[in-house]
Amino acid sequence: MKVFRIIYYSLYHRRRRKYYLFLLLFIILIVFPYTFYWCFEIYAYNSDIKIFKKDVVEKFRHETQNDDLERVHPILAKYIQSPYNINVWSMIREANRKYERNKSTYLVYSCPFMCGGWGDRTRKIVAAFLLSLALNRTFIIDMTWPCSIEHILTSNFISWSKSSHDHMRNISSSINITSLSFNNYKILKSYHEEYSVLYIQTNNIAYFDLVARYPELYKSLFNRFRLKQEHIHIITLYPLFYELLIKLKPHLQEKFDRLNLNNYLQDMNIDDSPLLCGHLRIGRNPSNPKDVVFPHREHMNITVLTFLLSRPGRVFISTDSGEVQQLARKLFSSKINEPSRLIEINGTIAHIDRDWNYLACESLEKTILDFHALSYCHLAVISKSSFGHLAAMRRINPYEELYLYCDGIKKINNADDYNKYKYSTC
């Protein structure tokens, strides 16, 4: 209003015309460029313009320079620093902007029936999310097997719920992608150009290799988010993408907080005691009769539990066997006047993909809580599986005190160490 008043006076009051014209010129040359600098974000890849309030911009500037960021969001702090230097805040803003405004082009991770355990599912989720960024599509998670994931999880930094996009199911221009290898770029491009909704239901997780292989995809990610080609790998980006997408629902977060994983109990009189973890996936057993058989894991329970027993600290065991859980209770039982060393997450043990009844739904909560707990471990002994491996990768220093059970306990120092042990021998 003040600007219009100035223009009015400058035109109709001749004696003050020079003064107001000078003032108007000053505002145009000095004030407006400064305002535009702070309020407009220009995306170089498509010349799209988004208006931000100045306080929102300042908030993001503050968060990237916040000394407390490492404590509050350590995963994000890790990725905005060297050697990654990813523009995480731009990734968050762009993904949420598409979620709020784009109602026509989607990439959906879909799990309507038997799509693997939690490790396999989240591998597909983060791969699909990467592909949605590369293709500039709204990302949605639609997981309903064995029950809706939205009863357990919610969006963290980036929105993905299908509930705000119910109209999507009425879009006829859609395709279920059940197979897509790293050299299928032309097929992917044709899908992207022809269909409004891409449903990802494939078991083939080649999207990281596909994106890293084709300049049209990885250059776009670098220009928008400073995501370098050499960092486009599932083990590298999994912790970041999981953190951006996944958050426990309040009732589940409250249950998780009661585990007190960050702090050792004061009445145990032990300072800075580590959290020791074991992931013991036995395979087919009385608690989990529909799982596959792992013939080389007969002695895993005794070997791993004895290894953990020899070290001081709290102990957390994630297992698919009730017998293993009972054995852990005996081994780590409390001494007189001392609380137990064992941390337990109560719940149903079942395979979330293969138990076609209420047990799988009840087990899903425990499975996810176990997965999150494993990322707090100072020392971890894991089975050869994506569940234990990916949970350990979510730690700030993923290979610190990491061990694999494979006919004995092996020290894992890097990805090559882990990959040289095959499922068939472990």
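Going by the structure above, here's the rest.
Keep in mind the model is a prediction, meaning the values are calculated, not measured.

Student: Could you clarify how one ought to interpret the packing of helix α7 (residues 118-135) against helix α16 (residues 386-393) in this entry?
Tutor: When two helices pack together, their arrangement is given by the angle between their axes and by how far apart the axes lie. It is at 7 Å that the axes of α7 and α16 come closest, and there the two elements cross at 55°. The angle between the axes of α7 and α16 places the two elements in the oblique class. Relative to α16, the crossing made by α7 is left-handed. Of α16, the residues touching α7 (which contributes W118, G119, D120, T122 and R123) are S386, F387 and L390. By residue class, the composition of the contact of α7 with α16 is 3 nonpolar, 3 polar and 2 charged.

Student: Explain the sheet that holds strand β6 (residues 174-177) to me, please; I cannot follow it from the model alone.
Tutor: Two modes of strand pairing occur in sheets, parallel and antiparallel, and in both the strands are linked by backbone hydrogen bonds. Strand order in the open sheet formed by 4 strands is β4-β3-β7-β6, and the pairing between neighbours is parallel. Edge positions in the sheet fall to β4 (138-143) and β6, since each of these pairs with one other strand and no more. Between one strand axis and the next, the sheet turns by 20° as a mean value, whatever way the strands run. Examined bridge by bridge, β6 and strand β7 (residues 197-200) share 4 bridges and lie parallel to one another. Across the sheet, N176 pairs through a bridge with Y199, a residue of β7.

Student: Sorry, what's going on with the side chain of T367 here?
Tutor: Of note, T367 is situated in helix α15 (residues 358-374). Ignoring any residue separated from it by four or fewer positions in sequence, one finds T367 in contact with W118, I352 and F387.

Student: What exactly am I supposed to notice about the packing of aromatic side chains here?
Tutor: A ring pair, where both rings are aromatic, is described by two values, the distance of the centres and the angle of the planes. In total, this model carries 11 aromatic pairs according to the counting rule given. Their ring planes at 45° and their centres at 5.5 Å tell us that Y242 and F371 sit as a pair that is tilted. Here Y242, found in helix α11 (residues 234-245), pairs with F371, found in helix α15; they are 129 residues apart in sequence, far enough to count as distant. When sorted by exposure, Y242 lands in the same class as F371, which is buried. Judged by centre distance (5.3 Å) and plane angle (65°), the ring pair of F371 and F387 falls under edge-to-face. Note that F371 is positioned in helix α15 and F387 in helix α16, a separation of 16 residues in sequence. The exposure class of F371 is buried, given its relative accessible area of 0%. The class of F387 is buried, set by a relative accessible area of 12%.

Criteria and thresholds
In this numbering scheme, every chain counts its residues from 1 along its sequence in written order. Local features in this predicted model are restricted to residues of pLDDT 70 or higher, and side-chain atom pairs are both shown and tallied only at a pLDDT of 80 or more, whereas totals for entire chains, interfaces and linings draw on every residue. Think of the side-chain values as coming from all heavy atoms in the structure, minus any hydrogens and water. Between the N-to-C directions of two axes lies an angle of 0 to 180 degrees, each axis being a line fitted to C-alpha atoms and, for a helix, fitted only over the stretch in contact. What counts as a helix is a DSSP run of H or I of at least four residues, what counts as a strand is a run of E of at least two, and both are numbered from the N terminus. Note on terminology: angles under 35 degrees are roughly parallel, angles over 145 are roughly antiparallel, angles of 65 to 115 are roughly perpendicular, and the others are oblique. The handedness criterion is simple: a crossing whose near helix is rotated anticlockwise from the far helix by less than a right angle is left-handed, and one whose near helix is rotated clockwise is right-handed. Contacts are assigned to residue pairs with any non-hydrogen atoms lying within 4.5 Å of each other. For this classification, the nonpolar set comprises Ala, Val, Leu, Ile, Met, Phe, Trp, Tyr, Cys and Pro, the charged set comprises Asp, Glu, Lys and Arg, and every other residue, Gly included, is treated as polar. For two strands to pair, DSSP has to find at least two bridges joining them. Only centres within 6.5 Å qualify two rings of Phe, Tyr or Trp (six-membered ring in Trp) as a pair; their planes then separate them into stacked at under 30 degrees, edge-to-face at over 60, and tilted for everything else. Three exposure classes are used, based on accessible area relative to the maximum for each residue type with a 1.4 Å probe and protein chains only: buried under 20%, partly exposed in between, and exposed over 50%.

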